[in-house]
Amino acid sequence: MRPLAQRERRLIALGVLLALVAVVVLGVIVPVFGGMAARALERGDLVATYQRNQRVLAGIPVWRAQAVEQKSTASKFAIIAPTQALAAEMLKQRINRMTNEEGGSVQTVSEVQGDTPEGWVKVRADLQLTMAQLYKSLARLESEAPYVVVGYLSVAADRAQKSGHAAPMDVRIEVSSPVKVSQQP
């Protein structure tokens, strides 16, 4: 093998130097800076999580006060009865009482079993009411505790069409309410 010329040795030395620089840059510097950047991003995420957790912890006294308030007003939002059956009966009596006090007449009132969620009772009532009585009845359902959900309302004014003047309408209404089973009604 012949000895390398001065120019060839410089080119080889330059190539080896570039290879060493590339190894140092790609093998040491890039991973170090990449790791620092990744840790900076992670640190930013952790700071954001810490701040969010501090806000949550600061809200705990407010949430406790709201929970106490909700517990004290729970009877406004659920029928409290010893059993589901008694709760359904109480809801039926409420519909009967409301209709009779408004001057309407009750045809039938029955409990709906099929699509009622757990912890709720649902009652369907067929009533005869005038428009004013219907309005007052709905206003009472909306404003008197325990508050209920009107899931269905159907109004048929067939007699008014036949007689030509305002007559009692056939009203079908489904009302549901959550139930809190308690030994003390």
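Counting restarts for each chain, with residues numbered from 1 along the sequence as it is written. The predicted origin of the model limits local features to residues at a pLDDT of at least 70 and limits the giving and counting of side-chain atom pairs to 80 or more, whereas totals for whole chains, interfaces and linings rest on all residues. Think of the side-chain values as coming from all heavy atoms in the structure, minus any hydrogens and water.

*Asks:* Could you clarify how one ought to interpret the overall build of the chain in this entry?
*Replies:* In this text, helices come from DSSP runs of H or I with a minimum length of four residues, and strands from runs of E with a minimum of two, each type numbered from the N-terminal end. Counting secondary structure elements, the chain contains four helices and five strands. C-alpha extents for the chain along the principal axes are approximately 125 × 45 × 30 Å. When the 185 residues of the chain are sorted by exposure, 21% land in the buried category. The contact criterion used throughout is that any non-hydrogen atoms of two residues lie within 4.5 Å. The contacts of the chain with a sequence gap of at least 6 include a subset with a gap of at least 24, amounting to 62%. Calculation of accessible area relied on Shrake-Rupley with a 1.4 Å probe; when residues are assessed, cover is drawn exclusively from the protein chains displayed. Total accessible area on the chain is roughly 13100 Å²; 61% of this is exposed by carbon and sulfur atoms. Positive and negative side-chain charges of the chain, numbering 22 and 16 respectively, have mean locations separated by a distance of 16 Å. Think of it in three bands: residues with accessible area under 20% of the maximum for their type are buried, residues over 50% are exposed, and the middle band is partly exposed, with areas taken using a 1.4 Å probe on protein chains only. When charges are counted, Lys and Arg contribute as positive and Asp and Glu as negative, whereas His and the chain ends are disregarded. To locate a charge, take atom NZ for lysine, CZ for arginine, CG for aspartate or CD for glutamate.

*Asks:* Please explain the nonpolar core as it appears in this structure.
*Replies:* In a soluble, globular protein the nonpolar side chains are often hidden away together inside. Counting 21 residues, the largest nonpolar core has Leu91, Ile95, Val121, Leu127, Leu141 and Val175 as the members making the most contacts within it. Residue assignment for this core shows that the elements contributing at least two residues are β1 (79-81), α2 (84-102), β3 (120-129), α3 (131-143) and β5 (169-181). The set of buried Ala, Val, Leu, Ile, Met, Phe, Trp, Tyr and Cys residues whose side-chain atoms join them within 4.5 Å is what this entry labels a nonpolar core.

*Asks:* Which parts of the structure should I look at to understand the side chain of Glu102?
*Replies:* Considering the arrangement of structural elements, one finds Glu102 in helix α2. Glu102 gets classed as buried once you look at its relative accessible area, which sits at 19%. Here the side chain of Glu102 touches Arg140 through a polar contact of 3.2 Å, side chain to side chain. Setting aside anything within four residues of it in sequence, one finds Glu102 in contact with Gln133, Lys136, Ser137 and Arg140. Nitrogen and oxygen atoms within 3.5 Å of one another constitute a polar contact, given that in protein one can donate a hydrogen and the other can accept it, and given that sequence-neighbouring residues count only through two side-chain atoms.

*Asks:* Which parts of the structure should I look at to understand the packing of aromatic side chains?
*Replies:* Between two aromatic rings, the relevant description is the distance of the centres plus the angle of the planes. Ring pairs are drawn from Phe, Tyr and Trp, using the six-membered ring of Trp, whenever the two centres fall within 6.5 Å, and their geometry is named by plane angle: stacked under 30 degrees, edge-to-face over 60, tilted for the rest. Following the criterion strictly, the structure yields one aromatic pair and no others. Ring geometry for Phe77 against Tyr147: centres 5.2 Å apart, planes inclined by 55°, an arrangement best described as tilted. Here Tyr147 lies in the loop between α3 and β4 (149-156) and Phe77 lies in the loop between α1 (6-72) and β1, a separation of 70 residues in the sequence. Among the residues examined, Tyr147 registers a relative accessible area of 30% and is labelled partly exposed.

*Asks:* Just to check I follow, could you spell out α1 for this structure?
*Replies:* A helix is expected to span 1.5 Å multiplied by its residue count minus one. Over its 67 residues, α1 runs 96 Å from end to end, which matches the ideal 99 Å to within 8%, given 1.5 Å per residue. The term bend refers to the angle at a residue between two fitted axes, each drawn through seven residues, those ending there and those starting there. Along α1, the helix axis deviates most sharply at Ile60, where the bend reaches about 40°; the proline Pro61 sits within four residues downstream.

*Asks:* Before we go on, may I ask you to explain α2 in this structure?
*Replies:* For an α-helix, 3.6 residues make a turn, and residues three or four places apart therefore share a direction. When the terminal C-alpha atoms of α2 are compared, their 27 Å separation across 19 residues agrees well with the 27 Å that a helix rising 1.5 Å per residue should span. Of the surrounding elements, those touching the buried residues of α2 are β1, β2 (105-112), β3, α3 and β5. Looking one or two residues beyond α2, the residue adopting positive phi is Gly103, at roughly 95°.

*Asks:* Would you take a moment to explain the packing of α2 against α3 for this structure?
*Replies:* Two measures define how a pair of helices packs: the angle their axes make with one another and the distance between the axes. Where α2 meets α3, the axes come as close as 10 Å, and the angle between the chain directions of the two elements is 140°. Of the possible angle classes, the one that applies to α2 and α3 is oblique. Considering how the two elements wind past one another, α2 and α3 form a crossing that is right-handed. Seen from α2, the contacting residues are Arg94, Ile95, Met98, Glu101 and Glu102; seen from α3, they are Gln133, Lys136, Ser137, Arg140 and Leu141. Residue composition of the contact of α2 with α3, grouped by class: three nonpolar, two polar and five charged. Interaxial angles span 0 to 180 degrees and are taken between N-to-C directions of axes, which are lines fitted to C-alpha atoms, for helices over the stretch in contact. When describing relative orientation, an angle under 35 degrees is termed roughly parallel and one over 145 degrees roughly antiparallel, while 65 to 115 degrees is termed roughly perpendicular and anything else oblique. For a crossing to be left-handed, the near helix must be turned anticlockwise from the far one by less than a right angle; the clockwise case is right-handed. Under the grouping applied here, Gly and all other residues not named as nonpolar or charged are polar, the nonpolar ones being Ala, Val, Leu, Ile, Met, Phe, Trp, Tyr, Cys and Pro and the charged ones Asp, Glu, Lys and Arg.

*Asks:* Looking at this structure, how should I read the pattern of salt bridges?
*Replies:* Side-chain pairing between opposite charges can occur once the charged atoms of the two side chains come close. Only one rule defines a salt bridge in this text: a Lys or Arg side-chain nitrogen within 4 Å of an Asp or Glu carboxyl oxygen. Applying the stated criterion to the full structure yields nine salt bridges. As a salt-bridge pair, Glu102 and Arg140 come within 3.2 Å of each other at their nearest N and O atoms. Separated by 38 residues along the polypeptide, Glu102 in helix α2 and Arg140 in helix α3 bring together distant segments of the chain. With its nearest N and O atoms 2.7 Å apart, the salt bridge here joins Arg172 to Asp126. Here Arg172 is found in strand β5, whereas its partner Asp126 is found in strand β3, with 46 residues between them in sequence. Salt bridges sharing common partners tie together Glu101, Glu102, Arg140 and Glu144.

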